Amino acid sequence: MADMGAERVAEAVEGAVALLRTAADQDWGEVPAGRLEWSCLKTAEHIASDLVAYAGQLAGRAQDTYVPFEIFLDDGTGAEGALQVIETACTLFTATLRSTPREVRAFHPYPFRSANREGFAAMGVAEVLLHTYDIAEGLGLTYEPSARLPESVLTRIFPEVQPGPDPWRTLLWATGRGDLPGRAPRTKWRWSNNLVLPTERLTLQGVTPAAAAELAAGTDGGFEWVEDGPFDGTREAAGMTIKAYEAGVHRPEFGLFVLVRREDGRAVGGMGFHGAPDEDGRAEVGYDLAPSARGNGYATEALRALSDWALARDDVQSLCATIESDNAASQRVIARAGFARASVDEERAYGEVETGLRLYVLPGQAG
C-alpha cells in the first residue's frame, strides 16, 4: 500500500489498453459501448477525463466542489489517439497519487463529500475496469481483469456490498452490469468513500474493509501509527468489521474509526460502533488508545464528536457502552463525554449484562 493505489491504477490501464488496442482498427465513434448510450470513443474519452479530473481534485486540494475543467478529444481523434490520451491521463493521475500526502482529502460528493488519495485511486480503477468492460462489450471483445483489481475497488468504495467468490462478477453485479445467483439485480448504485469526522486535535477516519483486513492481520492498515499502536482493541474491532462485511451486514458509518492526530498525522487509537442501531435506535460504542497517547483527552474529544454525529441522525435514539467495573480510566472518559451510569431498569431493558461490566447510556434529545 506504499503508493496508496497508484500501482493499481497503472495495472488497470495497462491491461485495458492492451486489450482495446486489438480492436483499434474499428470505428469506435459508430459503435455503442455495450448497454451505454455513449459510443466506444465517447466512453474512452470519459475514462481519460475522469482520471485527469481525479488528479485535479487532489492536486488542487478542492474542498467544496469540482475543479471547473474538463478534457475532450480533438475532432477527428480515432481509437489509437483515444488510447494514448488514456495512457497520458494515467501517468498524470498516478504521479499525483504518489505525490499527495497521506492526510489530504479533496471534494467528491459520494456520500460524505470527500475522499483521500486511496479513495480517488479506487474510483479511478473502477472507471477503467467498468468502462473498459462497456467498450469491450461493444467491440465484441472478452475482458477479464486480474481479480485483485475489482477486489480492491469493492473493499474500498463498495463497503456495503457483500463479497462473493468472484470479485469481478461481484463488481459487475454491484454496478448493474451482470447477475449474481441469489441476489436481486441492481438498477441503482453509488460508491461510498469513507466518512471522516473532525475534532479540534483529531480526525476520526472511517476504516474501509480493505484497511480493516490489514489491521486484523497485524499490519498498519494504511495509517502511520504512534510507536505502540494500534492497541489490541482496535485490531479486534477490525476483525469484527471484516466479519460484518463478509456477512453482508456492514454499515460503514457504524463501523470502526481510527483516531488520527492532526499535528503529526499519526494514528493514536480506534473508536466506533459494535454495529448499526437496533430496532429501538440504540447503538453501542467502544474505544481504545495506544498507551503512549493516553492521558491527553483524545478519547473524550473523539467520543464527544462521534456521539454528536450519531445522535443527530434520525435512526439513532441513544448510545451505550459497557465497561469493566475496574476500568476507572475508561469510566472517566465515558463520564466526561456525557454518558451516565445506567439504572438497574435500563440494564435489564438492554439485556443481560455480564458480571463485572457496567452499562453507560447517552440518550438523544427528545423531539
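The sections below set out a description of the structure shown in this document. (Residues numbered from 1 in each chain as written. Predicted model: local features only at pLDDT ≥ 70, side-chain atom pairs only at ≥ 80, totals over all residues. Heavy atoms only, no water.)

Concerning the overall build of the protein
Now for step 1: If you tally the helices and strands in the protein, you get 11 helices and 11 strands.
Now for step 2: Radius of gyration (C-alpha) of the protein: 23 Å, near the 21 Å computed for a compact globule of 367 residues.
Now for step 3: C-alpha extents for the protein along the principal axes are approximately 75 × 45 × 40 Å.
Now for step 4: For the protein, buried positions account for 50% of its 367 residues.
Now for step 5: When contacts within the protein are restricted to residue pairs at least 6 apart in sequence, those whose partners lie at least 24 apart make up 67%. (Helix = DSSP H or I, 4+ residues; strand = E, 2+ residues; numbered from the N terminus. Rg over C-alpha atoms; globule rule 2.2 N^0.38 Å. Buried < 20%, exposed > 50% of the residue type's maximum accessible area, 1.4 Å probe, protein only. Contact = heavy atoms within 4.5 Å.)

Thoughts on the side chain of Glu-45
Now for step 1: Positionally, Glu-45 belongs in helix α2 (residues 40–59).
Now for step 2: We classify Glu-45 as buried; its relative accessible area is 11%.
Now for step 3: With near-sequence residues (within four places) excluded, Glu-45 lies in contact with Ile-71, Phe-72 and Leu-73.

Overview of the layout of surface pockets
Now for step 1: Roughly 1,100 Å³ of internal volume is contained in the largest pocket.
Now for step 2: For the lining of the largest pocket, the secondary-structure elements that each account for two or more residues are α8 (232–247), β7 (266–273), β8 (282–289), α9 (298–311), β9 (318–324) and α10 (328–336).
Now for step 3: With 8 residues, α8 is the single largest residue contributor to the lining of the largest pocket.
Now for step 4: Looking at the lining of the largest pocket, its residues break down into 20 nonpolar, 17 polar and 9 charged.
Now for step 5: Approximately 590 Å³ is the volume attributed to the second largest pocket.
Now for step 6: In terms of lining, the second largest pocket is formed by 33 residues, of which the most central are Arg-105, Asn-116, Asn-194, Val-196 and Gln-205.
Now for step 7: Listing elements by their share of the lining of the second largest pocket, those giving two or more residues are β1 (105–106), α4 (117–139), α5 (148–157), β3 (196–198), β4 (202–206) and β6 (256–261). (1 Å grid on protein atoms, 1.4 Å probe; cavity = no way out; pocket = protein on both sides within 12 Å on 5 of 7 lines; lining within 4 Å. Points joined across faces, edges and corners; volume = space filled by probe spheres on them. Nonpolar A, V, L, I, M, F, W, Y, C, P; charged D, E, K, R; others polar.)

Focus: the packing of helix α7 (residues 209–216) against α8
Now for step 1: The contact between α7 and α8 brings their axes to 8 Å, and the two run at 130°. The orientation of α7 with respect to α8, classified from their angle, is oblique. Note that α7 runs across α8; the crossing there is left-handed. Where α7 approaches α8, its residues Pro-209, Ala-212, Ala-213, Glu-214, Leu-215 and Ala-216 are matched on the opposing element by Arg-235, Ala-238, Gly-239, Thr-241, Ile-242 and Tyr-245.
Now for step 2: Partitioning the contact of α7 with α8 into residue classes produces 8 nonpolar, 2 polar and 2 charged. (Axes fitted to C-alpha atoms, helices over the stretch in contact; angles between N-to-C directions. Parallel < 35°, antiparallel > 145°, perpendicular 65-115°, else oblique. Left-handed = near helix turned anticlockwise from the far one by under 90°.)

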